[in-house]
Amino acid sequence: MSETHNKSVETNQKPVGGFLIAHFKRYVKKRLMKNQLLILSLLLLPMLSIAEVITLSHEGVMITAEYEKATLQKTKNMHFLYGNVKIENTTQTVKKYSNKNLLLNIDDLQSRTYIDSVASMMIDFSQISLNPGERQLHKVYWAYDKAVSTQGKAVNLKWNQ
């Protein structure tokens, strides 16, 4: 009788490892959901900070700029406004484009356009060739000596020869 009693006790018990595995699965699922939400919010954050899209047409090149709502301070006297510039050759001939000619005006403040790279302020590529119908998208920034917000301001692109 003691043998049958021991067997029933053994079969009614849940293995200790099963509880730990179930707990671990719940923990992992919860963490994955948090990580997915974090990744999703990081992907959407740049889209939420884009203030406006403006365009400029210059000698057969259509330039579209998207920019953020406000500058980020990089150093004590340097604030960067980040965005994207899409350039498109709308002609049937090869066109030249240079960021150093493209200015972003925010009310009375003005900055030239820089390609967002490590060496952008040190190396200035003179020109980009665009084949007929070619489009290029570049991450860019504009540098200002003080904090700037684009909200409620007159913002436009200007081509400086």
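Everything below is about the structure shown above.
What you see is a predicted model, and the numbers here were worked out from it, not measured in a lab. (Residues numbered from 1 in each chain as written. Predicted model: local features only at pLDDT ≥ 70, side-chain atom pairs only at ≥ 80, totals over all residues. Heavy atoms only, no water.)

## Digging into the nonpolar core
And then number 1: With 21 residues, the main nonpolar core has Ile 63, Val 85, Tyr 97, Leu 102, Leu 104, Trp 142 and Leu 157 as its most contacted residues.
And then number 2: Listed by contribution, the elements that provide at least two residues to this core are strand E1 (50-58), strand E2 (61-68), strand E4 (78-89), strand E6 (102-106), strand E9 (135-144) and strand E10 (155-159).
And then number 3: Sort the elements by how many residues they give to this core and E2 lands first, with 4 residues. (Core = buried A, V, L, I, M, F, W, Y, C linked by side-chain atoms within 4.5 Å. Buried < 20%, exposed > 50% of the residue type's maximum accessible area, 1.4 Å probe, protein only. Helix = DSSP H or I, 4+ residues; strand = E, 2+ residues; numbered from the N terminus.)

## Re the packing of aromatic side chains
And then number 1: Counted according to the given criterion, the structure contains 5 aromatic pairs.
And then number 2: Residues Tyr 97 and Trp 159 carry aromatic rings whose centres are separated by 5.9 Å and whose planes lie at 45° to one another, so their mutual orientation is tilted. Here Tyr 97 is found in strand E5 (residues 95-97), whereas its partner Trp 159 is found in strand E10, with 62 residues between them in sequence. In this structure, Tyr 97 and Trp 159 share a single accessibility class: buried.
And then number 3: Cluster of aromatic residues (ring-pair linked, three or more members): Phe 80, Tyr 82, Tyr 114 and Tyr 141.
And then number 4: Sitting above the plane of the Tyr 114 ring, Arg 112 keeps its charged end 4.3 Å from the centroid. (Phe/Tyr/Trp six-rings, centres within 6.5 Å; stacked < 30°, edge-to-face > 60°. Lys NZ or Arg CZ within 6 Å of the ring centre and 35° of its normal.)

## What to know about unusual backbone geometry
The phi angle of most residues is negative, glycine excepted, and most peptide bonds adopt the trans form.
And then number 1: At Glu 59, a residue that is not glycine, the phi angle is positive and equals roughly 50°.
And then number 2: Along the chain, Glu 59 turns up in the loop between E1 and E2.
And then number 3: For Glu 59, a relative accessible area of 56% puts it in the exposed group.
And then number 4: Of note, the phi angle at Asp 107 is positive, near 50°, even though the residue is not glycine.
And then number 5: Counting through the fold element by element, Asp 107 comes out in the loop between E6 and strand E7 (109-115).

## Details of the environment of Asn 105
And then number 1: Counting through the fold element by element, Asn 105 comes out in strand E6.
And then number 2: Given a relative accessible area of 11%, Asn 105 falls into the buried group.
And then number 3: For the pair Asn 105 and Ala 154, spaced 49 residues apart in sequence, the C-alpha to C-alpha distance is 7.7 Å.
And then number 4: Polar side-chain contacts of Asn 105 include one of 2.8 Å to the side chain of Gln 110. (Polar contact = N/O pair within 3.5 Å; in protein donor to acceptor, adjacent residues only side chain to side chain.)

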